[in-house]
Amino acid sequence: MSDKPEQLPVVTAEAKLADAGTAPTPDEPKSTRILREITTGSAAISVLAVVLALVIGGILIAVTDARVQATAGYFFSRPTDLLQAIGDSVGGAYSALFQGAIYNFRRPGFADGIKPLTETLTFATPLIAAGLGVALAFRVGLFNIGGRGQMLVAAAASGWVAFSFDLPFFIHMIVALIAGLVAGAVWGGVVGLLKARTGAHEVIVTIMLNYVAFYLISFLLRTPGALQAPGSNNPKTPGMKDTAVFPDLLGSGYNLHAGFIFAIAATVFVWYLLNRSSLGFKFRAVGENPNAARVAGINVNRIWITAMAMSGALIGLAGVSQVLGTVTTGFSSGIDAGIGFDAITVALLGRSRPVGVFIAGVLFGAFKAGGFSMQAAQGVPVDIVLVVQSLIVLFIAAPPLVRAVFRLPTPGVRKAPRAKKAVA
Amino acid sequence: MTSTDTRPVAPDSSPIVHETAVVRSWKTSVVLAVFTVLGAVLLIGFGREGTSGFRLASDGDFFALPDMAVSTMGAAVVIVLVLAALTGVSVMMTLRYTKTPLWLISLFAFLLLFGFLTWAAAGATIPVPGLLVGALGLSVPLIFGALGGVLSERVGVVNVAIEGQLLAGAFTSAVVASITQQPFLGLVAAMVAGVLVSFVLAAFAIKYLVDQVIVGVVLNVLVTGLTSFLFSQVLSANPGLLNSPPRFDRIDIPVLSQIPIIGPALFKQTIIVYFVYVAVFVVWYCLFRTKWGLRLRSVGEHPQAADTVGINVARTRFWNVSLAGAIAGFGGAYFTLGSVGAFNKEMTAGAGFIALAAVIFGRWDPIRATLAALLFGFASNLQNVLSIIGSPVPSEFMLMLPYVVTIFAVAGLVGQSRAPAASGKPYIKA
């Protein structure tokens, strides 16, 4: 937006204060210090944010439930009815969510009962990959909202290789994977290039490129000879060839595919890159303060381009895992399934740390898997999951709000005997 | 410095020489030349035979203009020649160190558009009044969204949540107007909904200092989830009571609506469209001609300076972001009360992001942003019209146009665009 390159601080000033505040002070007893760190640390805030969001989600479910509304009409004559109805609607919804996401008690045997957990991991796979991409960009001070576009081009490139080439097993898969990663990297790298060369703000460019990619893929999907399945009028590709499809990890009874292994590998890779490599050090230096990094001799422009390309490639992995792993029978322009935007919330929830993103990805995967079974079993629209997810991120972004709700102490401000007022 | 020079400084008696930097920018000429070549390739290189028709008359005009029909190829040649001549004039002016005037660029753009329409309409007839009516209709929510974006960014808060504000406005206006059967109450409710979204944005951005873009993005998800949830859970259970708002009728302004070509588009519309004219003028006037606007802009450009002269930065930001939400929410009501007539899941379909693009393309100026929104609305309605008459251009590329144009604009190829200096930066009072 401005001609001067600027940085988007992802960690808010407040959060930074909180980090600084948790440094131990020598004159404090150990037990209270540990307690204080648990109640004011960022992990506690994350957990409480999830709890708070679930509570608000529960209120929404209860308020919109027909039986709750009916029983509320005679609350004062028989209040238990209302409470019962609330308990049924909220408890039913959340237990369906749990059974759809972790373990289904109604199924006989462990092998069937645990199936929801494998579904959760399947849903988590693209979320982790894309979340890592967004998080990597965050750490460089860049805000990549272009997940949708990067996923779409990656899915298209990878899918095209997967259904139109004849290659031996495994090699075909690797070639398709690389095609997707490269496409994602190019679509993301363009943003870095524009920012480095012209100062164009990456937020705007990525939003716009989302739509450009969407219409481009839509056009290719309905153009015979490009992506459209031969002999069909639907805007949909043919199915992927078996040689390119990710193998199932737990046999054909489960949907979990090798994409999850790639997601774990990507997590380790990003962790190593950011914490142990010199390129990662440069990334973080530019993210903290591009001007200081420039003075220190780091080529900030090149870092921006590299980081956006790598971010795009990681998000591309999410697109690849969708077409080669989850939906192998051919895809349409909705293949991104909102993951590009979910990835932002995943990265924020994971505080842009690779392991945190992994955990957040699994959590949101659980919400997705459970949300669909909640809709099927209890008739609660799956959109409530969006509400809960966005509330979690809002609360996590504002630790003081969560602390105020739960009446937690502010970090760094101990209830120590107050220092006497300084003599004016 | 440790010592201060205390000698009196003698006033310089030499006459002041004004240095005028002579700037010669080839950018405009190069861009015009490129578009001339592109136009020649498209219009003549891929030339189409036949005649192109333009229907200019609509019912109730003062006098019916005859349909215009031109030979497609002949028109193409003439237009390309004129484009080349205009480019030549621009080159001459650049050689003489003068800037290419805006009227020349506008004329060039108009002729290029006309050439494209002629080319696209070969063997068919384009209904011009209908094209304009639809274009203005599609622009209305974009204009309100863009005005909200301009206000919010001018006061220093990046508003990515326009989409959420539009959607919240659309939802609330549908429900309230449907229950009360009063479309005007729906309009008010839409503004309240937009303000509520803005409250969250302002609270998190100003009080909790959360990154404004993050809040905006998350708010869009929140509003999408909330409205979709309520739509599935509550509205679809009882659409008769909750989701059948009365629509505003079109109001003919007696004489003006009979002006040929532009009359129906501008003066035969719903009341929401007439509010657009008022809103654009009021926002522009207040922003640049009143004390309130001056304060608002100073907070957005240099909050510290504004604070120093006694302006309460946080309060100014909070209330103006709320006002921006009210305007954007008002625009959202157009979806349900003006055009469609019922709420539907995610019915804004990215209009908020196009409005954001219009804000940037319009360089954070209400008038220019409105023109940008009109351009985007025109582009998407042109796509509708062309797909009806059978266009040679795939509709996806027409739909892509606003976004591509915005990328070029942001990348500085179409003029410089500079955001308000403090936009997106939280202000922490020392």
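The sections below set out a description of the structure shown in this document. Computed from a predicted model, the values in this text were never measured in an experiment.

Thresholds, definitions, all that
Residues numbered from 1 in each chain as written. Chains lettered and ligands numbered in written order. Predicted model: local features only at pLDDT ≥ 70, side-chain atom pairs only at ≥ 80, totals over all residues. Heavy atoms only, no water. Helix = DSSP H or I, 4+ residues; strand = E, 2+ residues; numbered from the N terminus. Buried < 20%, exposed > 50% of the residue type's maximum accessible area, 1.4 Å probe, protein only. Contact = heavy atoms within 4.5 Å. Areas by Shrake-Rupley, 256 points an atom, 1.4 Å probe, with all protein chains shown as cover. Buried area = accessible area lost by both parts, 1.4 Å probe. Salt bridge = Lys/Arg side-chain N within 4 Å of Asp/Glu carboxyl O. Polar contact = N/O pair within 3.5 Å; in protein donor to acceptor, adjacent residues only side chain to side chain. Nonpolar A, V, L, I, M, F, W, Y, C, P; charged D, E, K, R; others polar. Pairing = 2+ DSSP bridges. Axes fitted to C-alpha atoms, helices over the stretch in contact; angles between N-to-C directions. Patch = residues over 30% accessible without salt bridge, like charges linked within 9 Å, V, L, I, M, F, W, Y side chains within 5 Å.

A separate point is the overall build of chain A. Regarding its fold elements, chain A presents 18 helices and 0 strands. Looking at chain A residue by residue over its 424 residues, the buried ones come to 54%. Taking as baseline every contact in chain A between residues at least 6 positions apart, the subset at least 24 positions apart corresponds to 72%. Carbon and sulfur atoms form 66% of the exposed surface of chain A, whose accessible area is close to 18500 Å².

Here we take up the interface of chain B and chain A. Chain B puts 47 residues into the contact, and the matching count from chain A is 49 residues. Summed over both sides, the interface between chain B and chain A buries roughly 4300 Å², with carbon and sulfur atoms accounting for 80% of that surface. A per-residue breakdown of the area chain B buries against chain A is headed by Tyr-208, Phe-229 and Glu-396 of chain B, which together make up 15% of the total. The tally of links from chain B across to chain A stands at 2 salt bridges. The closest approach of N and O atoms between Glu-396 of chain B and Arg-222 of chain A, which form a salt bridge, is 2.7 Å. On inspection of chain B and its partner chain A, the count reaches 2 residue pairs in polar contact (both at pLDDT 80 or more). Elements supplying a minimum of two residues to the side of chain B that touches chain A: helix H6 (183-207), helix H7 (212-233), helix H14 (351-361) and helix H16 (395-410) of chain B. Element by element, the count of residues in the side of chain B that touches chain A is highest for H7 of chain B, at 14 residues. Tallied by class, the residues present in the side of chain B that touches chain A amount to 33 nonpolar, 8 polar and 6 charged.

A word on the sheet that holds strand S2 (residues 68-71) of chain B. Residue and element names in this part refer to chain B. Spatially, S2-S1-S3 is the arrangement adopted by the 3 strands of the open sheet, whose pairing is mixed. In the strand order of this sheet, the two ends are held by S2 and strand S3 (125-127), each with one partner. On average, each strand axis in the sheet is inclined to that of its neighbour by 20°, with strand direction left out of account. Sheet analysis places strand S1 (residues 51-55) next to S2, joined by 4 bridges and oriented antiparallel. Residue pairing for S2: Phe-54 is matched across the bridge by Met-68. Running over the sheet, helix H3 (residues 102-120) touches S1, S2 and S3 and is turned about 115° from S1.

What follows concerns a nonpolar patch on the surface. All names here are of chain A. Taken together, the side chains of Val-47, Val-51, Val-55, Ile-59, Val-63, Val-405 and Phe-406 define a hydrophobic patch exposed on the protein surface, amounting to about 570 Å² of accessible area. Elements supplying a minimum of two residues to the nonpolar patch: helix H3 (42-64) and helix H18 (399-406). In terms of residue count, the dominant contributor to the nonpolar patch is H3 (5 residues). Position of Val-47 relative to the elements: it lies in helix H3.

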